[in-house]
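Each chain, written out:
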Amino acid sequence: MRLLAVVATAPEQAALLRDVPSTPARTGPYAGCRTATTDVVVSGIGPAAAAAATATALALSTYDLALSLGIAGAFRGTADIGDTVLATELVAGDLGADSPTGFLGLGALGWQDDTVPVDPSWLQAALGRLGEVVTGPVVTVSTVTGTRARADELAARHGAVAEAMEGWGVLVAATAHHVPVVEVRTVSNLIGDRDPSSWDIHAAFDALARVGAQLLADPWA
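What comes next is a walk through the structure. (Residues numbered from 1 in each chain as written. Predicted model: local features only at pLDDT ≥ 70, side-chain atom pairs only at ≥ 80, totals over all residues. Heavy atoms only, no water.)

Under the criterion given, the structure shown has eight salt bridges. The partner of Arg-34 in a salt bridge is Asp-39, with the nearest N and O atoms 3.1 Å apart. Counted as one network, the salt bridges with shared partners bring together Arg-2, Arg-34 and Asp-39. (Salt bridge = Lys/Arg side-chain N within 4 Å of Asp/Glu carboxyl O.)

In structure tokens form, the structure reads like this:
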């Protein structure tokens, strides 16, 4: 079984593969690395970049599972800095329309579902490898939340535990190729009024290194 892992940035890739033997490799125009089980692609930041990189990789090779991996912010009361979050659902958090009565997501507009559950069998397989983690919906946004009001709105609307910027893009591309998706994030900050002094990127990277060792070092059954 071969895995595709999509990360947004080179530092996230470096943390992910800290304890996993790997060699540099390219997937079309994208930099990345190869392990015994996984091709890792550095996509760039945001859902459009993630979708483009994922689509390119899936057009060039065959994979059994696509992983969206990296660091994220957690909604207050759901997870702590340094925790690992496994998405039970992937959510398009800000794709839709504004209205006088509030935000209208893809589902409310009648266009398509804006919440997609992770396949239960793959969810259980990931849980078996990761052990004790925080589980719940993970929201994909194009603009990182930087106010408490928006954080509260997103948390209430989606019941989400974390937000990141690439999962929905990976999902869109992988779904077109009939490849399942699992999203795993490690927490660098709590979402609210933007305050970089409260972030702990190193703790999130240390947790991401553990995720890499758990998910990418050995073949999945």
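Take the packing of aromatic side chains next. The full count for this structure, using the stated rule, is one aromatic pair. Seen in terms of ring centroids, Trp-122 and Trp-220 are 5.9 Å apart; in terms of plane orientation they differ by 50°. Their pairing is tilted. Placement of the pair is Trp-122 in helix α3 (residues 120-130) and Trp-220 in the segment after α6 (201-216), with a sequence separation of 98 residues. Considered together, Trp-122 and Trp-220 belong to a single accessibility category, that of buried residues. (Phe/Tyr/Trp six-rings, centres within 6.5 Å; stacked < 30°, edge-to-face > 60°. Helix = DSSP H or I, 4+ residues; strand = E, 2+ residues; numbered from the N terminus. Buried < 20%, exposed > 50% of the residue type's maximum accessible area, 1.4 Å probe, protein only.)

A word on unusual backbone geometry. Non-glycine residue His-178 carries a positive phi angle of around 60°. Within the secondary structure, His-178 is located in the loop between α5 (167-176) and β12 (181-190).

Working note: α-helix, 3.6 residues per turn, so residues spaced by three or four point in the same direction. Taken across its 10 residues, α5 has seven buried, putting it largely inside the fold. Listing the buried residues of α5 in full gives Gly-167, Trp-168, Gly-169, Val-170, Leu-171, Ala-173 and Ala-174. At the exit of α5 stands His-178, carrying a positive phi of roughly 60°.

What follows is about the environment of Ala-209. Tracing the backbone through its elements, the reader meets Ala-209 in helix α6. The exposure class assigned to Ala-209 is buried, which follows from its relative accessible area of 2%. Here the alpha-carbon distance between Ala-209 and Ser-188, two residues 21 residues apart in the chain, equals 13 Å. Sequence-distant contacts of Ala-209, defined by excluding residues within four places in its chain, comprise Ala-15, Leu-16, Arg-18 and Asp-19. (Contact = heavy atoms within 4.5 Å.)

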